[in-house]
Amino acid sequence: MSKQQGKLIEITITDLNSTGDGVGRFEEIVVFVPDTVPGDRAIVRLVQVKAEYAHGKLHQLLQASAHRVRAGCIVADKCGGCQWQHIDYEYQLVAKHDQVIQALQRIGGFVNPPVDRVLTTDAPLGYRNKATYPLGISASGKVQAGYYQKGSHRLVNLNQCPVQDPRLNPLLAQVKQDIQQRGWQIYDEGKHQGQIRHLGLRIGRRTGEMLLTLIVKEWNLPGIEQQAQEWLERYPQLVGVSLNRNHHRTNAIFGDETRCVAGVSYLREVFAGLEFQVRPDTFFQVYTETAEALLQVIQSELNLQGQELLIDAYCGIGTLILPLAKQVRQAIGLELQPEAVEQAVFNAEHNGINNVTFQVGAVENLLPEMSIKPDVVLLDPPRKGCDRAVINSLLELKPPRIVYVSCKVATLARDLKFLCQDGLYQITSIQPADFFPQTAHVEAVAFLVLTH
Ligand SMILES: C[S@@+](CC[C@H](N)C(=O)[O-])C[C@H]1O[C@@H](n2cnc3c(N)ncnc32)[C@H](O)[C@@H]1O
């Protein structure tokens, strides 16, 4: 038997899979190897062997691919935050384009999907406007913050992260020290004990305003008011410090309740020419500039004439619906999270947009109850995609145009298959966008028209 666990094999990497691992073949099986690139020839240690595939670990690089680069991060080989720091940026874009095509072909059954080049604003580092770091304790008792190692809950301690907006970095090391000095207990997920679980940082790219949030197990954190004031004084761009309580045994980061401890409970950001207030606990696209470029593609593709009724399902704090509302007769936003809707209502009023209303609830409950006939439905669901009830309502409502914004192409492909069954809808184009450089994640927008 030539494929035992632990065995060293020599392979050539020919592909990348959807989670970002290199893919090669050894004898009759497929081998997935993190940290490799198509074109690499390598010695790989088999770490898990199944009948038709195996997982391997890079042991020695014999010949480096032409697409391999030196990572822009010193912990890139350990940290699970990025998968593609070792791949040149041009090739990352090519790989993401392929990823979208493959998902549409394999999962959606589309033979020749019309996928455009990946949209990018060409700043593959220093782009993220938000960081949420799990906290931990080192063997010597030091407070740590960082990301988990690939496939584990072991923390890789960071004092800076090259994909984050560099203005957030100075806070990281100092806040860890302050937590240590205050003697606040770091949460232990095994025992479900301790006080602080995560450190959240957020920045308005255009305004420079920052928010600091501690995600805590219980509200009681002695000295937090004084510490929060000290942080506000030390960092003039920091406009608010909040606590968010998550007292559940869960992998979800944020809990349901957020309280501002010092300063204000939101930062201001300029997006598509509008001023938004963004809270620590509501969704906002992490790459502001590319999200704005994608919105321009949506606007140009839709070519709205001012007469349309638009529904934005999964509208968040109004990032997409508010700029679009200025180009239609009426807009309706649907959103599950009450805090996001509250913020969306504020953002609409603040920008003088008065042809938009919002409904709080799950799209799968709200949409089937709607008796109106929208001209355009915009969908921007979380990674799991649309509930089947949402797809069924769309098949009944038959809006002439659907725009589907997705952060997971597998569920996009699944949902497009349902919408295009029997030829009811046709995809006119698909625009991928690089919202997450250095990672294997890709955003994509599909434009659909009703055919009959
Ligand atoms: C990917 S975000 C998009 C938000 C917004 N379109 C934007 O660009 O900022 C998805 C949003 O859907 C909301 N959401 C998740 N599940 C939902 C559901 N079943 N019904 C309605 N909204 C939901 C989340 O709270 C989140 O605000």
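Residues numbered from 1 in each chain as written. Predicted model: local features only at pLDDT ≥ 70, side-chain atom pairs only at ≥ 80, totals over all residues. Heavy atoms only, no water.

- An unreviewed UniProt entry lists the chain under the name 23S rRNA (Uracil(1939)-C(5))-methyltransferase RlmD, with Anabaenopsis elenkinii CCIBt3563 as the source organism.

### A look at the UniProt feature "active site" (unreviewed entry) in the chain
Right, so step 1: According to UniProt, the "active site" (unreviewed entry) feature falls on Cys407.
Right, so step 2: Considering the arrangement of structural elements, one finds cysteine 407 in the loop between β19 (401–406) and α9 (409–419).
Right, so step 3: Residues contacting cysteine 407, with those up to four places away along its chain left out, are Pro381, Pro382, Arg383, Val442 and Glu443. (UniProt positions renumbered as here; feature names shortened; annotations may be inferred. Helix = DSSP H or I, 4+ residues; strand = E, 2+ residues; numbered from the N terminus. Contact = heavy atoms within 4.5 Å.)

### Topic: the packing of helix α1 (residues 89–106) against α9
Right, so step 1: Axis separation between α1 and α9 bottoms out at 8 Å; the angle between their running directions is 40°. Considering only the axes of α1 and α9, their crossing is right-handed. Two secondary-structure elements touch here, α1 through Gln99, Val100, Ala103 and Leu104 and α9 through Val409, Ala410, Ala413 and Leu416.
Right, so step 2: Here the residues of the contact of α1 with α9 sort into 7 nonpolar, 1 polar and no charged. (Axes fitted to C-alpha atoms, helices over the stretch in contact; angles between N-to-C directions. Left-handed = near helix turned anticlockwise from the far one by under 90°. Nonpolar A, V, L, I, M, F, W, Y, C, P; charged D, E, K, R; others polar.)

### What about the sheet that holds β19?
Right, so step 1: The strand order across the open sheet built from 7 strands is β17-β16-β15-β18-β19-β21-β20, with neighbouring strands paired in mixed fashion. Of all strands in the sheet, those with a lone pairing partner are β17 (356–360) and β20 (425–433), marking the two edges. Between one strand axis and the next, the sheet turns through 15° on average, direction left out of account.
Right, so step 2: Summarising the sheet, β19 and strand β21 (residues 443–450) pair through 6 bridges and their orientation is antiparallel. From the neighbouring strand, valine 405 faces β21, where its bridge partner is valine 445. (Pairing = 2+ DSSP bridges.)

### Section: the pairing of strand β9 (residues 196–203)
Right, so step 1: Burial of β9 is extensive: 8 of the 8 residues sit out of reach of the surface.
Right, so step 2: Pairing between strand β6 (residues 130–137) and β9: 5 bridges, direction antiparallel. Paired with proline 134 across the strands is histidine 198, a residue of β9.
Right, so step 3: As judged from the 7 bridges shared by β9 and strand β10 (residues 210–216), these two strands associate in the antiparallel manner. The residue bridging glycine 200 from the neighbouring strand is threonine 213, located in β10.
Right, so step 4: Count of turn residues in the β9/β10 antiparallel hairpin: 6 residues, of which glycine 208 carries a positive phi of about 80°. (Buried < 20%, exposed > 50% of the residue type's maximum accessible area, 1.4 Å probe, protein only.)

### Considering the site of the ligand
Right, so step 1: In the vicinity of the ligand lie 16 residues, with Gln285, Thr319, Glu335, Val363 and Asp380 positioned nearest.
Right, so step 2: Separating a nitrogen atom of the ligand from a side-chain N or O atom of glutamate 364 is a distance of 3.1 Å.
Right, so step 3: Here the ligand loses 91% of its free accessible area of 600 Å² to cover by the protein chains.
Right, so step 4: Counted by class, the shell around the ligand contains 9 nonpolar, 4 polar and 3 charged residues. (Near = heavy atom within 4 Å. Polar contact = N/O pair within 3.5 Å; in protein donor to acceptor, adjacent residues only side chain to side chain. Areas by Shrake-Rupley, 256 points an atom, 1.4 Å probe, with all protein chains shown as cover.)

### What about the packing of helix α2 (residues 169–182) against helix α3 (residues 224–234)?
Right, so step 1: For the pair α2 and α3, interaxial distance at closest approach is 12 Å and the crossing angle is 155°. With respect to α3, the axis of α2 lies roughly antiparallel. Both α2 and α3 take part in a crossing whose hand is right-handed. Between α2, through Gln174, Val175, Asp178 and Arg182, and α3, the contact on the second element is made entirely by Gln226, Gln227, Glu230, Trp231 and Arg234.
Right, so step 2: Classifying every residue of the contact of α2 with α3 by side-chain character gives 2 nonpolar, 3 polar and 4 charged. (Parallel < 35°, antiparallel > 145°, perpendicular 65-115°, else oblique.)

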